[in-house]
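Each chain, letter by letter, is given below.
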Amino acid sequence: MEMYKKSAALKLKLLINGIRIDDSALYGLGDKYKEYQYGYNDSNWMKHCQRQVIPSELVLPGEIVVAPHLRPTSPYIIKRIGDTMYVINEKTGESISTIDYLPRPKIWDIKLSDGSKLKEYLNVYGANCLNLFIVANCDFWNEGMPCVFCSLQPTQNLHKEVVVHKSLEKIEEAVTLAFENEDNLDWMIITGGSLKNRKMEFQRYYDVLSIIKKHIPKRWNGKIKGNAALLPTNNERDLYKLFETGIEHPSFNMEVWGEQLFKSYCAGKEKYASFGNLMETYKKAVNIWGPGQVWCNFVGGISPIKDLKEGFRFMADMGVVPGANIFHLDPKAVGVKLGLKEPTEDYVFEMYECLSSLYKEYGYQPFFSHSVLRNSLSNEMFHGWL
Ligand code: SF4
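Being a predicted model, the structure only gives us computed values, none of them experimental.

Quick notes on the rules
Residues numbered from 1 in each chain as written. Predicted model: local features only at pLDDT ≥ 70, side-chain atom pairs only at ≥ 80, totals over all residues. Heavy atoms only, no water. Near = heavy atom within 4 Å. Nonpolar A, V, L, I, M, F, W, Y, C, P; charged D, E, K, R; others polar. Domains from an automatic or database assignment. Contact = heavy atoms within 4.5 Å. Buried area = accessible area lost by both parts, 1.4 Å probe. Salt bridge = Lys/Arg side-chain N within 4 Å of Asp/Glu carboxyl O. Pairing = 2+ DSSP bridges. Helix = DSSP H or I, 4+ residues; strand = E, 2+ residues; numbered from the N terminus. Axes fitted to C-alpha atoms, helices over the stretch in contact; angles between N-to-C directions. Buried < 20%, exposed > 50% of the residue type's maximum accessible area, 1.4 Å probe, protein only. 1 Å grid on protein atoms, 1.4 Å probe; cavity = no way out; pocket = protein on both sides within 12 Å on 5 of 7 lines; lining within 4 Å. Points joined across faces, edges and corners; volume = space filled by probe spheres on them. Right-handed = clockwise from strand over helix to strand, strands pointing away.

### A word on the site of the ligand
Close contacts around the ligand come from Cys138, Phe140, Trp141, Pro146, Cys147, Phe149, Cys150, Leu152, Gly193, Ser194 and Lys269, and that covers them all. Each residue belonging to the shell around the ligand can be placed in one class, and the counts come to 8 nonpolar, 2 polar and 1 charged.

As structure tokens, then:
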């Protein structure tokens, strides 16, 4: 328990202050260790070069994963001494903990029939969650109304690391190869940029999920374990069809709480889906999946904490499990111009305390696990480590 508590406390510090990585700790990245896949966001404020190879996750004792947000002002630095890496607080000179990176997924270098690498199609989140970002392009960016925290389009333009439009045929090939060659995958996340047209977005996800269902491991018992994050129609028949694909936890992420804030921070979502419409969709989805199955993610740090906690309760009351990732400002997100600030430690603590007590009150479970969620402390708070 002490080890978990120490790691959870350090995870909070690293997510609030960011980190620096000494050259000695860059050894083995992209080879022995999993490097960051610049798929749809990039929150690093410090680079030696444009395509700097950084670790995808940091791993603290207890298999607790943390996202590395490079910040030049952070007092925390990772250094390698001999065979071991340490987090050192350079302000105090204290060596706080050992730290590690995750092994590079062996499936990443597998080639598809057209010679492309599987890494261009699929990511692995944390220790064991396969991630498919169906289309790395979003109509809301194209219409000049992206969510203010999002850096999908600029990240794509800069890094060009993934196939933007993935065909159904290639998705099927990639997913089949991933499940055949990696047997520790316990979850999937299926998401992508949004379309203006709800019916077309529903159809896109329905087609992809139907294909994935054919190839999921037997031990998943016919369920696509994990989450599909999309903006479908609010038509009951469409939602039921999604349910029949076996997707375990759909989410239609609200990101912020309050109609007014939703309008200004998620202009595209408001225009082409709308706050009210998504609430309708949630109500109908809970009737189909049952309480505690449908998820709703928030960006933790851009709504006033009081409003956010109200939103959490509102969703929990409705039968939806709320969750949140800690907001990190991407240098290329619209939010930079708006002067958005990252949350304080107190805000983050209060947010996860609220979520954890709601989970216990309603009998819900936090999303995924502490070995998957690198920007969230939901699991750590729920287990009493924080
Ligand atoms: S819906 Fe919003 S967060 Fe998602 S890709 Fe589009 S702009 Fe980014």
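### Brief notes about the domain arrangement of the protein
What the domain assignment lists for the protein is domain 1 (2-101) and domain 2 (106-382). Taken together, the contact between domain 1 and domain 2 spans 30 residues of the former and 37 residues of the latter. Here domain 1 meets domain 2 over a buried area of about 3100 Å², counting both sides, of which 54% is carbon and sulfur. Taken together, the connections running from domain 1 to domain 2 amount to 5 salt bridges.

### Section: the sheet that holds strand β6 (residues 94-101)
Two strands in a sheet stick together by hydrogen bonds in their backbones, pointing the same way (parallel) or opposite ways (antiparallel). Here we have 6 strands laid out as an open sheet, ordered β1-β4-β5-β6-β2-β3, and mixed in their pairing. Since the sheet does not close on itself, it has two edges, and those belong to β1 (20-21) and β3 (64-66), each with one partner. Relative to β6, strand β5 (residues 84-89) runs antiparallel, the two sharing 5 bridges. Directly across from Val87, in β6, lies its bridge partner Ser97. Where helix α1 (residues 2-17) meets the sheet, its contacts fall on β2 (58-60), β3, β4 (76-81), β5 and β6, and the angle it forms with β3 comes to roughly 10°.

### Things to note about the pattern of salt bridges
Using the criterion set out here, one finds 24 salt bridges in the structure. Note that Glu248 and Lys225 form a salt bridge whose closest N and O atoms lie 3.4 Å from each other. A residue pair is termed long-range when its members are at least 10 positions apart, and Glu248 in strand β11 (residues 247-251) and Lys225 in strand β10 (residues 224-229) qualify at 23 residues. Among the salt bridges present, the one from Glu361 reaches Arg313, with a minimum N-O distance of 2.9 Å. With a gap of 48 residues between them, Glu361 in helix α12 (residues 345-362) and Arg313 in helix α10 (residues 305-318) connect regions that are remote in the sequence. On the accessibility criterion, Arg313 (37% relative accessible area) is partly exposed.

### A closer look at the packing of helix α9 (residues 275-289) against α10
Contact geometry of α9 with α10 gives a least axis separation of 10 Å together with a crossing angle of 35°. Contacts between α9 and α10 pair Met279, Tyr282, Lys283 and Val286 from the former with Phe314, Met315 and Met318 from the latter. The class makeup of the residues in the contact of α9 with α10 is 6 nonpolar, no polar and 1 charged.

### Let's talk about the side chain of Ser371
In this structure, Ser371 sits in the loop between α12 and α13 (378-382). Its relative accessible area of 14% is what places Ser371 among the buried residues. If sequence neighbours within four positions are ignored, Ser371 has contacts with Glu63, Val65, Gly126 and Ala127.

### Some points on unusual backbone geometry
The backbone of Glu63 sits at a positive phi, close to 60°, despite the residue not being glycine. Assignment of secondary structure puts Glu63 in the loop between β2 and β3. The backbone of Glu255 shows a phi angle near 70°, a positive value even though the residue is not glycine. Tracing the sequence through the fold places Glu255 in the loop between β11 and α7 (259-265). Residue Glu255 is classed as buried on the basis of its relative accessible area of 11%.

### Considerations on the environment of Arg71
Mapping Arg71 onto the fold places it in the loop between β3 and β4. It is 37 Å that separates the C-alpha atoms of Arg71 and Pro232, two residues lying 161 residues apart in sequence.

### Observations regarding the layout of surface pockets
Any empty space left between the atoms is revealed when a probe the size of a water molecule rolls over them. Its boundaries defined by the atoms lining it, the largest pocket holds a volume of some 260 Å³. If you trace the largest pocket, you find 17 residues lining it, with His249, Trp295, Gln365, Pro366 and Phe368 closest to the centre. Elements that contribute at least two residues to the lining of the largest pocket include exactly β11 and α13. Split into classes, the residues belonging to the lining of the largest pocket amount to 8 nonpolar, 7 polar and 2 charged.

### Focus on the pairing of β10
Extensive coverage of β10 is indicated by the burial of 5 of its 6 residues. Bridge analysis of strand β9 (residues 187-191) against β10 gives 3 bridges, and the strand direction is parallel. If you follow Ile190 over to β10, its bridge partner there is Ala228. As a crossover connection, the stretch from β9 through helix α5 (residues 198-213) into β10 is right-handed. Across 4 bridges, β10 lies against β11 in parallel orientation. Bridge pairing links Ala229 to Ser251 in β11. Each parallel crossover has a hand, and the one from β10 via helix α6 (residues 236-244) to β11 is right-handed.

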